[in-house]
Amino acid sequence: MRTNRKAAGRTAAALLTACALALVAGCSGSGGKDSEDKADDGGGGTAAKTPRMKIAMVTHSGEGDTFWDIVQSGAKVAAAKDNVQFLYAANKEGKEQAQLIQSYIDQDVDGLVVSLAKPEAVKAVLAKAAAAGIPVVTINSGAEFSEPFGALGHIGQDEAIAGEAVGEELNKRGKKKALCVMHEQGNVSLEGRCAGVEKTFEGTVENLNVEGTNMPATTSSIEAKLQSGEGADEFDTVVTLGAPFAAASVKAKESAGSGAEINTFDLNADVVKQLKAKEIGFAVDQQPYLQGYLAVDELWLNKNNGNVIGGGKPVLTGPALVTEKDVPALEKFTARGTR
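Rules and cut-offs
- Residues numbered from 1 in each chain as written.
- Predicted model: local features only at pLDDT ≥ 70, side-chain atom pairs only at ≥ 80, totals over all residues.
- Heavy atoms only, no water.
- Buried < 20%, exposed > 50% of the residue type's maximum accessible area, 1.4 Å probe, protein only.
- Helix = DSSP H or I, 4+ residues; strand = E, 2+ residues; numbered from the N terminus.
- Pairing = 2+ DSSP bridges.
- Right-handed = clockwise from strand over helix to strand, strands pointing away.
- Contact = heavy atoms within 4.5 Å.
- Phe/Tyr/Trp six-rings, centres within 6.5 Å; stacked < 30°, edge-to-face > 60°.
- Lys NZ or Arg CZ within 6 Å of the ring centre and 35° of its normal.
- Salt bridge = Lys/Arg side-chain N within 4 Å of Asp/Glu carboxyl O.
- Expected span 1.5 Å × (residues − 1).
- Polar contact = N/O pair within 3.5 Å; in protein donor to acceptor, adjacent residues only side chain to side chain.

1. Looking at the pairing of strand β10 (residues 261-265)
Reasoning step 1: Among the five residues of β10, five are classified as buried, and the element is accordingly described as predominantly covered.
Reasoning step 2: Across the two faces of β10 the burial is the same, with Glu261, Asn263 and Phe265 and Ile262 and Thr264 all buried.
Reasoning step 3: Taken together, the four bridges between strand β9 (residues 237-240) and β10 define a ladder with parallel strand orientation. Across the sheet, residue Thr240 finds its bridge partner in β10, namely Thr264.
Reasoning step 4: With two bridges connecting them, β10 and strand β11 (residues 283-285) associate as parallel partners. The partner of Thr264 across the bridge, within β11, is Ala283.
Reasoning step 5: In terms of handedness, the path from β10 via helix α11 (residues 269-276) over to β11 forms a crossover that is right-handed.

Here you go:
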């Protein structure tokens, strides 16, 4: 598993932060048999004896996006450890996401975790959260908007750096023409990924917008693109920006009779199986479990100890490039939904 050199320092800082939090978590529980029973679930220990908190997470997840299941897994383990009631809601549309955030402000939650895929749509409501004295941690997308919008900090990967790492890897693999599949129009994180690929890739990149919530239509669109080029115009690699779309690309490749290598951002159990079967060349892991876990922990630490993780600067959870060589170490974790 390789971490991009530009992010190495900040990734190391994130790992040190995670270790520090693990020590704090250990102090909040009593250990013993309960801890041992829960160890394989990615957490453990009894709940902290701090006052009960209510933390809500609102994301831009579309229906069926398994990435956010992993984020929630991390958040729920941290919430159980921290004596937190965890609430979750999602909508892929920015306007509806803002309405969900407002509903949690009206419920007087103790903290908010918000993704900023469409930042302008939620800017005003986050200002209302600040006015109400509700701290916010942003995750996953829109890192550059986190501080201006008044958040305590941001937890995720730098999408431009991640895209650049993909472009560099494609160069090493001798690729010449890449299809970058964008499954949600207007998502600043996805735009950053494809832009990063284009920045470092020595070949050509063509973006393809698809309807990510309609997988049959997505598969058909990718297949049509792969069939459209011949010779020098033929795509020799497809880069998808989310784990569920890797499988769609594998299917499209087979139907199109294409020799393109499929690569993807994000990791789940299916991607690990596809890596093992060599249906996918590599994946970019941003550790979504860690994003959910650290976000809840940061809000708990801030309320109970005045801490701000990373001094208010983005805490990176990726990128790391994963290949079939990493499968043996990852299978156990992806099977339980924590990677």
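2. Comments concerning the environment of Ala117
Reasoning step 1: Inspection of the secondary structure assignment puts Ala117 in the loop between β4 (111-115) and α5 (119-131).
Reasoning step 2: Residues Ala117 and Asn187 lie 70 residues apart in sequence; the distance between their C-alpha atoms is 4.9 Å.
Reasoning step 3: Not counting residues within four places of it along the chain, the set of residues in contact with Ala117 comprises His60, Ser141, Gly186, Asn187 and Val188.

3. Focus on unusual backbone geometry
Reasoning step 1: Cis geometry marks the peptide bond from Gly318 to Pro319; its omega dihedral reads 10 degrees.
Reasoning step 2: The topology assignment puts Pro319 in the loop between β12 (315-316) and β13 (320-322).
Reasoning step 3: Despite not being glycine, Asn140 shows a phi value in the positive range, around 75 degrees.
Reasoning step 4: Note on placement: Asn140 falls in the loop between β5 (136-139) and α6 (143-146).
Reasoning step 5: Asn140 sits in the buried class, given a relative accessible area of 6%.
Reasoning step 6: Backbone geometry places Lys278, a non-glycine residue, at a positive phi of 60 degrees.

4. Considering the packing of aromatic side chains
Reasoning step 1: Taken as a whole and assessed by the stated rule, the structure comprises three aromatic pairs.
Reasoning step 2: Ring plane angle 80 degrees and centroid distance 5.1 Å describe the contact between Phe67 and Trp68, whose orientation is recorded as edge-to-face.
Reasoning step 3: Overall, Trp68 belongs to the buried group, its relative accessible area being 2%.
Reasoning step 4: Measuring from centroid to centroid gives 6.2 Å for Tyr289 and Tyr293, while their planes differ by 20 degrees, and the two rings are stacked. Taken together, the positions of Tyr289 and Tyr293, both in helix α12 (residues 288-305) and four residues apart, correspond to about one turn of that helix.
Reasoning step 5: Assessed through its relative accessible area of 12%, Tyr289 is described here as buried.
Reasoning step 6: Lying across the ring of Phe235, Lys177 places its NZ or CZ 4.6 Å from the centre.

5. A word on the side chain of His183
Reasoning step 1: Looking at the secondary structure, you find His183 in the loop between β7 (177-182) and α8 (188-200).
Reasoning step 2: Setting aside chain neighbours within four positions, we find His183 in contact with Leu190, Val210, Glu211, Gly212, Leu241, Gly242 and Phe245.

6. Things to note about the pattern of salt bridges
Reasoning step 1: Counted according to the given criterion, the structure contains twelve salt bridges.
Reasoning step 2: Among the ionic pairs, Asp297 bridges to Lys81, the shortest N-O distance being 2.9 Å. Highlighted residues: Asp297 in helix α12 and Lys81 in helix α3 (residues 67-81), separated in sequence by 216 residues. Note on accessibility: Asp297 and Lys81 belong to one class, buried.
Reasoning step 3: Across the salt bridge formed by Glu147 and Lys313, the nearest N and O atoms sit 3.8 Å from each other. Linking Glu147 in the loop between α6 and β6 (153-156) with Lys313 in the loop between α12 and β12, this pair joins segments that are 166 residues apart in sequence.

7. Observations concerning helix α7 (residues 159-172)
Reasoning step 1: Spanning 14 residues, α7 covers 20 Å between terminal C-alpha atoms, matching the ideal 20 Å at 1.5 Å per step.
Reasoning step 2: Burial analysis of α7 places ten of its 14 residues in the buried class, which makes it a mostly covered element.
Reasoning step 3: Taken residue by residue, α7 has Glu159, Ile161, Ala162, Gly163, Glu164, Ala165, Val166, Gly167, Glu169 and Leu170 as its buried positions.
Reasoning step 4: Between the side-chain oxygen at the start of α7 and the backbone nitrogen of Ala160 there is a gap of 3.1 Å, and the oxygen is on Asp158.
Reasoning step 5: Count one or two residues on from α7 and you reach Gly174, which has phi positive near 75 degrees.

8. With respect to the environment of Pro148
Reasoning step 1: Counting through the fold element by element, Pro148 comes out in the loop between α6 and β6.
Reasoning step 2: A C-alpha to C-alpha distance of 9.4 Å links Pro148 and Lys123, two positions 25 residues apart in sequence.

9. Details of the side chain of Gln291
Reasoning step 1: Counting through the fold element by element, Gln291 comes out in helix α12.
Reasoning step 2: Excluding anything up to four places from it in sequence, Gln291 contacts Phe67, Ile139, Asn140, Ile155, Gly156, Gln157, Gln286 and Thr317.

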